[in-house]
Structure formats: structure tokens, C-alpha cells
Amino acid sequence: KILLFHGGKQSGDKVFVTNGLEENFENAQRTCREAGGVLATPKSAAENSATQEILNTKGESAKAFLGISDFQVEGIFRYLSGEKIIFTNWNLGEPNNSKDNEDCVEIQDNGKWNDIPCNLLRLVICEF
Ligand code: GN1
Ligand code: CA
Ligand code: CA
């Protein structure tokens, strides 16, 4: 059924979809949960590319939150499920916890990741 959503991108068993809105991390997380999914959580290069393709439909320099944070222990990034991450695509020099205030993760239009403050607004991409 989810395949009927406009602009969804499939990778294996997953479908990535955006609502086209920019929200802070907490609201983005809630948006995906209320829709029955979770924030985009790419666990392979293919899933990362699918997430990037959704992002690239929103134009140059678009950025989206991933379902990953180091809230629990600084520097140890985990999925929303609590598991440690098994795939990363950090930009060179990231994660750097800039200004001691970056516990959330954005994916940029080139597919690379950067840790950022969780109160910034980023595109919501959910996976189902
Ligand atoms: C940005 O603007 P600056 O240099 O303080 C970015 C950081 C990156 C850094 C990389 C809010 O920080 O996450 O690590 O560039 N901050 C934001 O140079 O996007
Ligand atoms: Ca951090
Ligand atoms: Ca950073």
C-alpha cells in the first residue's frame, strides 16, 4: 500500500518517503512514528542512495534528518531502536560535535552525513 505514496523510493524491503516538510528532530521523529514508520535509517550504501534520491527531488543543498543520534553517550551513534549503527557515510571530519551541541545527524545532497544540533529544521524522510 505504501508504494502508492507519491515519490516513494524503494530499496530492498524498505520504502523511503518525504512529507516535504522541514521539522526539528523531535517533531520529525514523531511525524514518522505517527505515520507508522521511522525516520530514514540507511543501513547500506543502497539505502543511503535511496534516501539521497528522495532528498535530491527537493533541490540543491536540501538536507534531511536521519534516525540516528548520540543522545545516550556522546560520540556513540545509535539508531532510534537503541542499536549501535552498522553503516556510516560521514563527511570528512565528521562527526565533530561542533560547539558541543550536535547529537543529531543530517544527510546532505551528496549523500554524506554530518552531525548537527537537533533543534535545526530539516526535511522529514521516513522509512516504512
Ligand atoms: C558547520 O558553521 P560551522 O563551521 O560552525 C556545521 C557543523 C559541521 C561544520 C563542518 C549547524 O559548522 O555541523 O561539522 O560546519 N554546523 C551546522 O565544517 O550545520
Ligand atoms: Ca554529539
Ligand atoms: Ca558536525
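An account of the accompanying structure is given in this report. (Residues numbered from 1 in each chain as written. Chains lettered and ligands numbered in written order. Predicted model: local features only at pLDDT ≥ 70, side-chain atom pairs only at ≥ 80, totals over all residues. Heavy atoms only, no water.)

**Some thoughts on the coordination of the calcium ion (ligand 3)**
Within the protein, Glu94 (OE), Asn96 (OD1), Glu102 (OE), Asn114 (OD1), Asp115 (O) and Asp115 (OD) serve as the donor atoms for the calcium ion (ligand 3), at 2.2 to 2.6 Å. Between the donor residues of the calcium ion (ligand 3), the gaps in sequence give the motif E-x1-N-x5-E-x11-N-D. The class of Glu94 is partly exposed, set by a relative accessible area of 21%. Taking relative accessible area as the criterion, Asn96 reaches 41% and is therefore assigned partly exposed. (Donors = N, O, S within 2.8 Å, 3.2 Å for Na, K, Ca; no water. Buried < 20%, exposed > 50% of the residue type's maximum accessible area, 1.4 Å probe, protein only.)

**A short note on the nonpolar core**
Counting residues in hydrophobic clusters, the biggest one holds 19 residues, and the most contacted among them are Leu55, Leu66, Ile68, Val105, Trp113 and Ile125. Sorting the residues of this core by element identifies α2 (45-56), β4 (64-73), β5 (76-79), β6 (104-107) and β8 (122-127) as the ones contributing at least two each. Ignoring anything within four residues of it in the chain, the contact list for Leu55 reads Ala62, Lys63, Ala64, Ile107, Gln108, Asp109, Leu123 and Ile125. Leu39, Phe65, Cys104 and Cys118 belong to the second largest nonpolar core, which has 10 residues in total. (Core = buried A, V, L, I, M, F, W, Y, C linked by side-chain atoms within 4.5 Å. Helix = DSSP H or I, 4+ residues; strand = E, 2+ residues; numbered from the N terminus. Contact = heavy atoms within 4.5 Å.)

**A short note on the coordination of the calcium ion (ligand 2)**
Taken together, the protein ligands of the calcium ion (ligand 2) are Asp70 (OD), Asp70 (OD), Glu74 (OE), Glu74 (OE), Asn97 (OD1), Glu102 (O) and Asp103 (OD), with distances of 2.4 to 2.7 Å. For the calcium ion (ligand 2), the donor residues sit on a single chain with the sequence spacing D-x3-E-x22-N-x4-E-D. On the criterion of sequence distance, the pair formed by Asp70 in strand β4 and Asn97 in the loop between β5 and β6 is long-range, its members being 27 residues apart. On the basis of relative accessible area, Asn97 is assigned to the buried category, the value being 13%.

**Describing α2**
End to end, α2 covers 16 Å across 12 residues, agreeing with the expected 16 Å (1.5 Å per residue, within 8%). Each element contacted by the buried residues of α2 is listed here: β1 (9-11), β2 (14-23), β4, β6, β7 (113-116) and β8. (Expected span 1.5 Å × (residues − 1).)

**Brief notes about the state of the cysteines**
Per the stated rule, a full pass over the model turns up two disulfides. With a sulfur-sulfur separation of 2.1 Å, Cys104 is cross-linked through a disulfide to Cys118. In this structure, the disulfide formed by Cys104 and Cys118 twists by about 100° around the S-S bond and is classed as right-handed. Taken together, the residues Cys104 in strand β6 and Cys118 in the loop between β7 and β8 connect sequence positions 14 residues apart. Residue Cys104 is classed as buried on the basis of its relative accessible area, which comes to 0%. Cysteine pairing for the protein, with bonded cysteines counted in sequence order: 1-4, 2-3. (Disulfide = S-S within 2.5 Å.)

**Here we look at the environment of Val105**
Among the structural elements, Val105 can be located in strand β6. Classification of Val105 by relative accessible area gives buried; the value is 0%. Between the C-alpha atoms of Val105 and Trp90, which are 15 residues apart in sequence, the distance is 9.4 Å. If we skip the residues at most four places from it in the chain, Val105 touches Ala64, Phe65, Leu66, Ile68, Phe77, Trp90, Trp113, Asn114 and Asp115.

**Considering the environment of Asn101**
Looking at the secondary structure, you find Asn101 in the loop between β5 and β6. Between the alpha carbons of Asn101 and Asp115 there is a distance of 9.1 Å; along the sequence they are 14 residues apart. Ignoring sequence-local partners within four residues, the contact set of Asn101 consists of Ile116 and Pro117.

These results come straight from atomic positions and should not be treated as a statement about function.
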